[in-house]
Amino acid sequence: MSAIIDLRSDTVTRPSEIMRAAMAAAEVGDDVYGEDPTVNLLEKRAAEIFGREAALFVPTGTMGNQIAIKLHTQPGQEVIAEARAHILDWEMATTAAFSGCLIRAVPTGNGILTWKQIEPVIYAKGPFRASTGLIEIENTHNLAGGRCSPLETLEEIWAGAKERALPVHCDGARIFNAAAALGVEVKVLTRGFDTVMFCLSKGLGAPVGSMLVGSAELMARARLYRKALGGGMRQAGVLAAAGLIALEEGPKRLHDDHANARLLAEALANIEGVAIDPDTVETNIVIFRLTNGVSAPELAARLKERGVLVSAFGPDAIRLVTHLDVSRGNCVDAADALTEEIETAVAAR
């Protein structure tokens, strides 16, 4: 293969020429003073699209999630989340370090938390154990293979949380992928959450940045926590200009990424020694297991030699993520390489 096919993540996309031109021409000011007009426009559009009063531009999704957790909790409380949640496994224990909270991890078979699973681990304030301060839902769920929490499941959680007077936060890093797959507008799919974080720099294609949306009061407080975490970016309109294009244009093409992921899943399902159910591949993430003793890190290394980059998760799992910088043809080539390398490795055992 003459070019690298990078399926490690949808964070690897590069800004388009249109984005680069917009970044070069961006009108800027000092965003810590609230004076960057491009950042202000991005925040205004994000709030409008999600039907919220306000939004905040942050450098990363991790920062957005951790600001939200700080907004909703008190030190010594618990945050309920699915056992493979990004806030638990991939955010450097910041929930403990910044908010002083423990994550109450709830295992699920498919990554989709339900109210039936959440309710038994809600604890009221008392003298013997930590109380629940927040419920967190990841949609789509990264390590569950991009699975989507459907609207009816979320509505039950929102209703139960409201009855218990508990806030609910959405790690919606890929919420536009969920909306595309479910055929539901993001405004509707997130309407019951107190706060929502979503990434501009994943499937939407911006080089940097995420958004946090919520009420005006919460976003005013969030601005202070962003500063505390080092997120005051000054003339950030250069980045927000790319974010605006990602926000307006990126969602329109996500179905292509989903179709390419399904192509990869269906090819993998035909390979001996691979465990995957293509019907569970709902968005742009494909996770499969190697069942014949083939090492995932070794397979990733062999594929790299052929110009295909993938992520090994543990000894036997591989993740592939489709995005705007891999074409249908790239995915066909990647599927061929995967087939050949896995079959060769199985035959050699």
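Here the structure is a predicted model, which is why all the values come from computation and not from measurement.

Undergrad: Quick question: what am I supposed to make of the packing of aromatic side chains here?
TA: Where two aromatic rings form a pair, the distance of their centres and the angle of their planes describe that pair. Using the criterion set out here, one finds 6 aromatic pairs in the structure. Plain terms: the ring middles of W90 and F313 are 6.1 Å apart, the flat faces sit at 85° to each other, and that makes the pair edge-to-face. Here W90 is found in the loop between α4 (86–89) and α5 (94–99), whereas its partner F313 is found in strand β12 (residues 311–313), with 223 residues between them in sequence. Under the relative-accessibility criterion, F313 is labelled partly exposed at 25%. Taking the centre distance of 6.1 Å and the plane angle of 90° together, the rings of F98 and Y225 count as edge-to-face. Here F98, found in helix α5, pairs with Y225, found in helix α10 (residues 216–228); they are 127 residues apart in sequence, far enough to count as distant. Grouping aromatic residues by their ring pairs yields a cluster made of F50, F176 and F198. Seen from the ring of Y123, R129 lies directly overhead, with NZ or CZ sitting 3.6 Å from the centre.

Undergrad: Sorry, what's going on with helix α3 (residues 61–72) here?
TA: Every α-helix carries 3.6 residues per turn, so stepping three or four residues along brings you back to the same face. If you check α3, its first and last C-alpha atoms are 17 Å apart, about what 12 residues at 1.5 Å a residue would give, namely 16 Å. Burial analysis of α3 places 10 of its 12 residues in the buried class, which makes it a mostly covered element. Residues of α3 that are buried: G61, M63, G64, N65, Q66, I67, A68, I69, L71 and H72.

Undergrad: Whenever I open this one, the environment of P315 confuses me. Can you help?
TA: If you trace the backbone, P315 turns up in the loop between β12 and β13 (317–321). Classification of P315 by relative accessible area gives exposed; the value is 63%. A C-alpha to C-alpha distance of 23 Å links P315 and T11, two positions 304 residues apart in sequence.

Undergrad: What's the story with the pattern of salt bridges in this structure? I'm lost.
TA: Between side chains of opposite charge, pairing is possible as soon as their charged atoms come close. What the rule picks out here adds up to 22 salt bridges. In this structure, R84 and E82 form a salt bridge, with 3.6 Å as the shortest nitrogen-oxygen distance. Judged by relative accessible area, R84 falls into the partly exposed class, the value being 26%. One network of salt bridges, in which partners are shared, links K44, R45, E48 and E248.

Undergrad: For this particular structure, what's the right way to read the environment of E53?
TA: Along the chain, E53 falls in the loop between α2 (37–50) and β2 (54–58). Put simply, E53 and M219 are 166 residues apart on the chain and 8.8 Å apart in space, counted from C-alpha to C-alpha. Setting aside residues up to four positions removed in sequence, E53 forms contacts with A47, G214, S215 and A216. Polar contacts involving the side chain of E53 include one to the main-chain amide nitrogen of A216, which spans 2.7 Å.

Undergrad: I tried to follow the sheet that holds strand β5 (residues 132–138) on my own but got confused; where do I start?
TA: Note on sheets: strands pair through backbone hydrogen bonds, and any given pair is parallel or antiparallel. Ordered in space as β2-β8-β7-β6-β5-β3-β4, the 7 strands form an open sheet in which the pairing is mixed. The open sheet terminates on both sides in strands that have one partner only, identified here as β2 and β4 (102–106). Neighbour to neighbour, the strand axes of the sheet diverge by 20° on average, direction disregarded. For β5 and strand β6 (residues 168–171), the ladder comprises 4 bridges, and the chain directions are parallel. Residue I135 lies in a different strand from β6, and its bridge partner there is V168.

Thresholds applied
Residues numbered from 1 in each chain as written. Predicted model: local features only at pLDDT ≥ 70, side-chain atom pairs only at ≥ 80, totals over all residues. Heavy atoms only, no water. Phe/Tyr/Trp six-rings, centres within 6.5 Å; stacked < 30°, edge-to-face > 60°. Helix = DSSP H or I, 4+ residues; strand = E, 2+ residues; numbered from the N terminus. Buried < 20%, exposed > 50% of the residue type's maximum accessible area, 1.4 Å probe, protein only. Lys NZ or Arg CZ within 6 Å of the ring centre and 35° of its normal. Expected span 1.5 Å × (residues − 1). Salt bridge = Lys/Arg side-chain N within 4 Å of Asp/Glu carboxyl O. Contact = heavy atoms within 4.5 Å. Polar contact = N/O pair within 3.5 Å; in protein donor to acceptor, adjacent residues only side chain to side chain. Pairing = 2+ DSSP bridges. Axes fitted to C-alpha atoms, helices over the stretch in contact; angles between N-to-C directions.

Note that every value here comes from positions in space, so none of it alone points to a role or purpose.
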